[in-house]
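# Structural characterization, general
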Amino acid sequence: MITSRQNEFIKRIASLKEKKYRAAYGEYIIEGVKQVREAVQSGQKIVNIVVSPRYEGERFAQEKVIDVSESVFAKISEEAAPQGILAVLQMPQNTVRPPEGKCLLLDGLADPGNLGTIIRTANAAGYTEIYLKNCTDPYAPKCVRSAMSGIFFVRLFRIDSLGDLFSCIPLLCADMDGENVFDFRPPEKFCLVIGNEANGVTPDVRAQCAHVVRIPMRASCESLNAGVSAGILMYQLAGGKV
(Lines give C-alpha, C1' and ligand atoms only; values in the text may rest on other atoms or scores of the structure.)
Protein backbone atom coordinates (compact mmCIF):
# COMPACT_ATOMS: atom_id res chain seq x y z
CA MET A 1 0.00 0.00 0.00
CA ILE A 2 1.24 3.49 -0.89
CA THR A 3 1.08 5.78 2.14
CA SER A 4 3.24 8.74 1.07
CA ARG A 5 1.59 11.68 -0.69
CA GLN A 6 5.05 12.48 -2.13
CA ASN A 7 5.31 9.14 -3.94
CA GLU A 8 6.26 9.78 -7.59
CA PHE A 9 3.46 7.57 -8.89
CA ILE A 10 0.93 9.53 -6.82
CA LYS A 11 2.37 12.88 -7.90
CA ARG A 12 2.00 11.84 -11.53
CA ILE A 13 -1.66 10.93 -11.07
CA ALA A 14 -2.33 14.17 -9.20
CA SER A 15 -0.76 16.11 -12.07
CA LEU A 16 -3.48 14.81 -14.40
CA LYS A 17 -5.83 17.35 -12.85
CA GLU A 18 -4.01 19.89 -15.07
CA LYS A 19 -4.51 20.07 -18.82
CA LYS A 20 -0.82 20.32 -19.70
CA TYR A 21 -0.01 17.06 -17.94
CA ARG A 22 -3.01 15.26 -19.41
CA ALA A 23 -1.72 16.33 -22.81
CA ALA A 24 1.87 15.34 -21.99
CA TYR A 25 1.00 11.87 -20.72
CA GLY A 26 -2.06 11.22 -22.88
CA GLU A 27 -3.96 10.10 -19.79
CA TYR A 28 -6.95 11.23 -17.73
CA ILE A 29 -8.79 10.29 -14.53
CA ILE A 30 -12.23 8.84 -13.97
CA GLU A 31 -13.79 8.33 -10.52
CA GLY A 32 -16.43 6.14 -8.92
CA VAL A 33 -17.39 2.51 -9.20
CA LYS A 34 -19.89 3.00 -12.06
CA GLN A 35 -17.44 4.79 -14.31
CA VAL A 36 -14.61 2.36 -13.57
CA ARG A 37 -16.87 -0.64 -14.22
CA GLU A 38 -18.10 0.79 -17.52
CA ALA A 39 -14.58 1.78 -18.59
CA VAL A 40 -13.47 -1.83 -18.11
CA GLN A 41 -16.57 -3.28 -19.77
CA SER A 42 -16.32 -0.97 -22.78
CA GLY A 43 -12.68 -1.85 -23.43
CA GLN A 44 -11.04 1.43 -22.45
CA LYS A 45 -7.28 1.28 -22.05
CA ILE A 46 -6.73 1.13 -18.29
CA VAL A 47 -3.37 2.39 -17.02
CA ASN A 48 -4.06 1.88 -13.31
CA ILE A 49 -6.94 1.53 -10.87
CA VAL A 50 -6.40 3.12 -7.46
CA VAL A 51 -8.40 2.12 -4.37
CA SER A 52 -8.44 3.28 -0.77
CA PRO A 53 -9.25 1.20 2.35
CA ARG A 54 -12.84 2.50 2.35
CA TYR A 55 -13.54 0.75 -0.96
CA GLU A 56 -14.92 -2.74 -0.39
CA GLY A 57 -16.57 -3.33 -3.76
CA GLU A 58 -15.66 -5.32 -6.84
CA ARG A 59 -12.00 -5.43 -7.86
CA PHE A 60 -11.83 -4.61 -11.57
CA ALA A 61 -8.77 -5.62 -13.60
CA GLN A 62 -6.98 -6.83 -10.46
CA GLU A 63 -3.56 -6.72 -12.12
CA LYS A 64 -3.95 -2.94 -12.55
CA VAL A 65 -5.05 -2.21 -8.96
CA ILE A 66 -2.89 -0.10 -6.64
CA ASP A 67 -3.85 0.23 -2.95
CA VAL A 68 -3.27 3.58 -1.26
CA SER A 69 -4.06 5.13 2.11
CA GLU A 70 -7.06 7.41 2.62
CA SER A 71 -4.74 10.42 2.86
CA VAL A 72 -3.09 9.56 -0.45
CA PHE A 73 -6.43 8.95 -2.15
CA ALA A 74 -7.65 12.36 -0.97
CA LYS A 75 -4.67 13.95 -2.75
CA ILE A 76 -5.59 12.52 -6.15
CA SER A 77 -9.39 12.58 -5.89
CA GLU A 78 -11.52 15.46 -7.19
CA GLU A 79 -14.74 14.28 -5.52
CA ALA A 80 -16.24 15.90 -2.43
CA ALA A 81 -17.41 12.48 -1.21
CA PRO A 82 -15.12 9.96 -2.95
CA GLN A 83 -16.13 6.31 -3.24
CA GLY A 84 -12.54 5.20 -2.81
CA ILE A 85 -11.92 4.06 -6.37
CA LEU A 86 -10.59 5.85 -9.45
CA ALA A 87 -8.84 4.86 -12.64
CA VAL A 88 -6.26 6.38 -14.96
CA LEU A 89 -7.17 5.83 -18.62
CA GLN A 90 -5.31 6.39 -21.86
CA MET A 91 -6.92 9.03 -24.06
CA PRO A 92 -8.20 7.61 -27.36
CA GLN A 93 -6.24 8.87 -30.35
CA ASN A 94 -8.89 9.35 -33.02
CA THR A 95 -7.65 10.34 -36.46
CA VAL A 96 -9.85 13.11 -37.86
CA ARG A 97 -12.10 11.85 -40.64
CA PRO A 98 -15.33 12.97 -42.36
CA PRO A 99 -18.54 12.10 -40.49
CA GLU A 100 -20.44 8.92 -41.30
CA GLY A 101 -23.88 9.84 -39.94
CA LYS A 102 -25.60 12.44 -37.77
CA CYS A 103 -22.96 14.14 -35.67
CA LEU A 104 -22.05 17.26 -33.71
CA LEU A 105 -19.69 20.14 -34.32
CA LEU A 106 -19.03 22.05 -31.11
CA ASP A 107 -17.73 25.50 -31.94
CA GLY A 108 -15.84 27.15 -29.07
CA LEU A 109 -17.62 25.62 -26.08
CA ALA A 110 -15.90 27.01 -23.00
CA ASP A 111 -17.64 25.43 -20.03
CA PRO A 112 -16.56 21.86 -19.17
CA GLY A 113 -19.91 21.15 -17.51
CA ASN A 114 -21.76 22.04 -20.71
CA LEU A 115 -19.38 20.00 -22.82
CA GLY A 116 -19.77 16.98 -20.56
CA THR A 117 -23.56 17.27 -20.59
CA ILE A 118 -23.56 17.43 -24.39
CA ILE A 119 -21.28 14.38 -24.66
CA ARG A 120 -23.56 12.44 -22.31
CA THR A 121 -26.68 13.43 -24.25
CA ALA A 122 -25.04 12.78 -27.62
CA ASN A 123 -24.28 9.22 -26.57
CA ALA A 124 -27.88 8.75 -25.41
CA ALA A 125 -29.31 10.19 -28.63
CA GLY A 126 -26.99 8.36 -31.02
CA TYR A 127 -24.69 11.20 -32.11
CA THR A 128 -21.49 9.19 -31.83
CA GLU A 129 -19.11 11.52 -33.70
CA ILE A 130 -18.29 14.84 -32.02
CA TYR A 131 -15.96 17.41 -33.60
CA LEU A 132 -14.41 19.92 -31.20
CA LYS A 133 -13.27 23.24 -32.63
CA ASN A 134 -11.51 25.49 -30.10
CA CYS A 135 -13.34 23.86 -27.19
CA THR A 136 -12.41 23.33 -23.57
CA ASP A 137 -10.63 20.06 -22.73
CA PRO A 138 -13.11 17.13 -22.84
CA TYR A 139 -10.88 15.17 -20.44
CA ALA A 140 -10.94 17.80 -17.68
CA PRO A 141 -12.32 16.31 -14.44
CA LYS A 142 -15.49 18.42 -14.46
CA CYS A 143 -16.23 17.47 -18.05
CA VAL A 144 -15.60 13.76 -17.43
CA ARG A 145 -17.95 13.86 -14.41
CA SER A 146 -20.68 15.58 -16.39
CA ALA A 147 -20.28 13.22 -19.35
CA MET A 148 -20.61 10.22 -17.04
CA SER A 149 -19.70 7.16 -19.09
CA GLY A 150 -20.83 8.79 -22.35
CA ILE A 151 -17.23 9.72 -23.09
CA PHE A 152 -16.45 6.00 -23.59
CA PHE A 153 -19.05 5.58 -26.32
CA VAL A 154 -18.49 8.57 -28.62
CA ARG A 155 -15.57 9.49 -30.87
CA LEU A 156 -14.04 12.88 -30.18
CA PHE A 157 -12.16 14.69 -32.94
CA ARG A 158 -10.27 17.92 -32.21
CA ILE A 159 -10.05 20.24 -35.21
CA ASP A 160 -8.65 23.73 -35.84
CA SER A 161 -10.67 24.50 -38.97
CA LEU A 162 -13.41 22.94 -41.06
CA GLY A 163 -11.59 22.67 -44.38
CA ASP A 164 -13.52 20.26 -46.58
CA LEU A 165 -14.24 17.92 -43.66
CA PHE A 166 -17.99 18.47 -43.93
CA SER A 167 -18.27 18.70 -47.70
CA CYS A 168 -20.33 15.50 -47.77
CA ILE A 169 -22.80 16.46 -45.06
CA PRO A 170 -24.82 19.67 -44.46
CA LEU A 171 -24.16 21.76 -41.36
CA LEU A 172 -27.15 22.86 -39.32
CA CYS A 173 -26.93 25.47 -36.57
CA ALA A 174 -29.31 27.08 -34.11
CA ASP A 175 -30.08 30.80 -34.11
CA MET A 176 -33.07 32.89 -33.05
CA ASP A 177 -33.53 33.98 -36.68
CA GLY A 178 -33.84 30.40 -37.91
CA GLU A 179 -36.81 28.19 -38.77
CA ASN A 180 -38.80 26.69 -35.90
CA VAL A 181 -37.04 23.37 -35.28
CA PHE A 182 -40.37 21.66 -34.58
CA ASP A 183 -41.52 22.48 -38.12
CA PHE A 184 -38.19 21.72 -39.77
CA ARG A 185 -37.55 18.51 -41.69
CA PRO A 186 -33.85 17.73 -41.47
CA PRO A 187 -31.93 15.89 -44.20
CA GLU A 188 -31.19 12.22 -43.58
CA LYS A 189 -27.60 13.04 -42.67
CA PHE A 190 -26.50 16.27 -41.04
CA CYS A 191 -24.08 17.79 -38.57
CA LEU A 192 -25.60 19.84 -35.75
CA VAL A 193 -23.49 22.86 -34.77
CA ILE A 194 -23.54 24.16 -31.19
CA GLY A 195 -21.74 27.43 -30.57
CA ASN A 196 -20.02 29.18 -27.68
CA GLU A 197 -22.18 29.87 -24.61
CA ALA A 198 -21.80 33.66 -24.83
CA ASN A 199 -21.15 34.35 -28.50
CA GLY A 200 -22.83 31.53 -30.39
CA VAL A 201 -21.50 30.07 -33.63
CA THR A 202 -18.47 31.83 -35.10
CA PRO A 203 -18.99 33.71 -38.39
CA ASP A 204 -16.76 31.37 -40.42
CA VAL A 205 -18.71 28.31 -39.29
CA ARG A 206 -22.09 30.05 -39.64
CA ALA A 207 -21.21 30.91 -43.25
CA GLN A 208 -20.92 27.20 -44.03
CA CYS A 209 -24.24 26.20 -42.44
CA ALA A 210 -26.86 25.07 -44.95
CA HIS A 211 -29.72 25.28 -42.43
CA VAL A 212 -30.55 27.45 -39.42
CA VAL A 213 -33.18 26.51 -36.86
CA ARG A 214 -34.45 27.97 -33.60
CA ILE A 215 -36.03 26.65 -30.44
CA PRO A 216 -39.22 28.64 -29.81
CA MET A 217 -39.24 30.46 -26.46
CA ARG A 218 -41.43 32.91 -24.59
CA ALA A 219 -40.44 36.56 -24.93
CA SER A 220 -39.43 36.61 -21.27
CA CYS A 221 -36.62 34.11 -21.97
CA GLU A 222 -33.59 35.34 -23.90
CA SER A 223 -31.77 32.02 -24.33
CA LEU A 224 -31.25 28.50 -23.05
CA ASN A 225 -28.18 26.85 -21.58
CA ALA A 226 -25.98 25.33 -24.31
CA GLY A 227 -26.34 21.83 -22.90
CA VAL A 228 -30.14 22.11 -22.68
CA SER A 229 -30.41 23.54 -26.20
CA ALA A 230 -28.20 20.81 -27.61
CA GLY A 231 -30.30 18.12 -25.95
CA ILE A 232 -33.60 19.48 -27.33
CA LEU A 233 -32.15 19.85 -30.81
CA MET A 234 -30.48 16.44 -30.91
CA TYR A 235 -33.65 14.56 -30.04
CA GLN A 236 -35.97 16.66 -32.20
CA LEU A 237 -33.74 16.48 -35.27
CA ALA A 238 -33.27 12.74 -34.83
CA GLY A 239 -37.02 12.26 -34.85
CA GLY A 240 -36.88 10.31 -31.61
CA LYS A 241 -34.62 7.65 -33.15
CA VAL A 242 -31.35 6.70 -31.46
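The text that follows walks through the structure, step by step, so that each part is easy to find. The shown structure was predicted, so the numbers you read here are calculated from the model rather than taken from an experiment. (Residues numbered from 1 in each chain as written. Predicted model: local features only at pLDDT ≥ 70, side-chain atom pairs only at ≥ 80, totals over all residues. Heavy atoms only, no water.)

### Observations regarding the pattern of salt bridges
Evaluated as defined, the whole model comprises 13 salt bridges. Among the ionic pairs, Asp-137 bridges to Arg-22, the shortest N-O distance being 2.7 Å. Here the residue Asp-137 occupies a position in the loop between strand S6 (129-133) and helix H6 (141-147), and Arg-22 occupies one in helix H2 (residues 19-25), the gap between them amounting to 115 residues. In this pair, the class of Asp-137 matches that of Arg-22, namely buried. Salt bridges linked by common partners bring Arg-22, Asp-137 and Arg-158 together as one network. (Salt bridge = Lys/Arg side-chain N within 4 Å of Asp/Glu carboxyl O. Helix = DSSP H or I, 4+ residues; strand = E, 2+ residues; numbered from the N terminus. Buried < 20%, exposed > 50% of the residue type's maximum accessible area, 1.4 Å probe, protein only.)

### Some words on helix H5 (residues 112-125)
Here H5 spans 20 Å end to end across 14 residues, near enough to the 20 Å set by a 1.5 Å rise per residue. The element H5 is extensively covered by neighbouring structure, given that ten of its 14 residues are classed as buried. On the buried face of H5, the contacting elements are strand S5 (103-107), S6, H6, strand S7 (155-159), strand S9 (191-195) and helix H8 (226-237). Two or three places before Gly-113, at the start of H5, stands the capping residue Asp-111, its side-chain oxygen 2.9 Å from that residue's backbone nitrogen. Immediately downstream of H5, the backbone of Gly-126 shows phi near 90 degrees, a positive value. (Expected span 1.5 Å × (residues − 1). Contact = heavy atoms within 4.5 Å. Polar contact = N/O pair within 3.5 Å; in protein donor to acceptor, adjacent residues only side chain to side chain.)

### What about the pairing of strand S1 (residues 27-31)?
The element S1 is largely enclosed, with a buried count of five among its five residues. Burial of the side chains of S1 extends over both faces: Glu-27, Ile-29 and Glu-31 are buried on one face and Tyr-28 and Ile-30 on the other. For S1 and strand S4 (residues 85-90), the ladder comprises five bridges, and the chain directions are antiparallel. Opposite Tyr-28, over in S4, you have Leu-89 as the bridge partner. (Pairing = 2+ DSSP bridges.)

### Quick word on the sheet that holds S1
One open sheet holds the four strands; their spatial order is S1-S4-S2-S3, and the pairing between them is mixed. The open sheet has two edge strands with one neighbour each: S1 and strand S3 (65-67). Each adjacent strand pair in this sheet contributes to an overall mean axis angle of 25 degrees, direction not counted. In terms of strand pairing, strand S2 (residues 46-51) meets S3 through three bridges, oriented parallel. Bridge pairing in S3 links Ile-49 to Val-65. Across the sheet, helix H1 (residues 8-15) lies against S1, S2, S3 and S4, angled at about 105 degrees from S2, the strand it touches most. Strand contacts of helix H3 (residues 33-41): S1, S2 and S4, with the helix running at about 35 degrees to S4, the strand carrying the most contacts. (Axes fitted to C-alpha atoms, helices over the stretch in contact; angles between N-to-C directions.)

### Observations regarding unusual backbone geometry
Even without a glycine there, the phi angle at Ala-61 is positive, about 45 degrees. For Met-148, which is not glycine, the phi torsion reads 55 degrees and is therefore positive. On the basis of relative accessibility, which here comes to 25%, the residue Met-148 falls in the partly exposed class.

### Some details on the packing of aromatic side chains
One pass over the full model with this rule turns up six aromatic pairs. Ring geometry for Tyr-28 against Tyr-139: centres 4.6 Å apart, planes inclined by 45 degrees, an arrangement best described as tilted. Of this pair, Tyr-28 sits in strand S1 while Tyr-139 sits in the loop between S6 and H6; the two residues are 111 residues apart in sequence, bridging distant segments of the chain. Considered together, Tyr-28 and Tyr-139 belong to a single accessibility category, that of buried residues. With a centroid separation of 5.0 Å and 75 degrees between ring planes, the pair formed by Tyr-131 and Phe-166 is classed as edge-to-face. Here Tyr-131, found in strand S6, pairs with Phe-166, found in the loop between S7 and strand S8 (171-180); they are 35 residues apart in sequence, far enough to count as distant. A single burial state applies to Tyr-131 and to Phe-166, both of which are buried. A connected cluster of aromatic rings, assembled from ring pairs, spans Tyr-131, Phe-157 and Phe-166. Cation over ring: Arg-12 sits above Tyr-25, and NZ or CZ is 3.9 Å from the ring centre. Over the ring of Tyr-127 we find Lys-102, and its NZ or CZ is 5.4 Å from the ring centre. (Phe/Tyr/Trp six-rings, centres within 6.5 Å; stacked < 30°, edge-to-face > 60°. Lys NZ or Arg CZ within 6 Å of the ring centre and 35° of its normal.)

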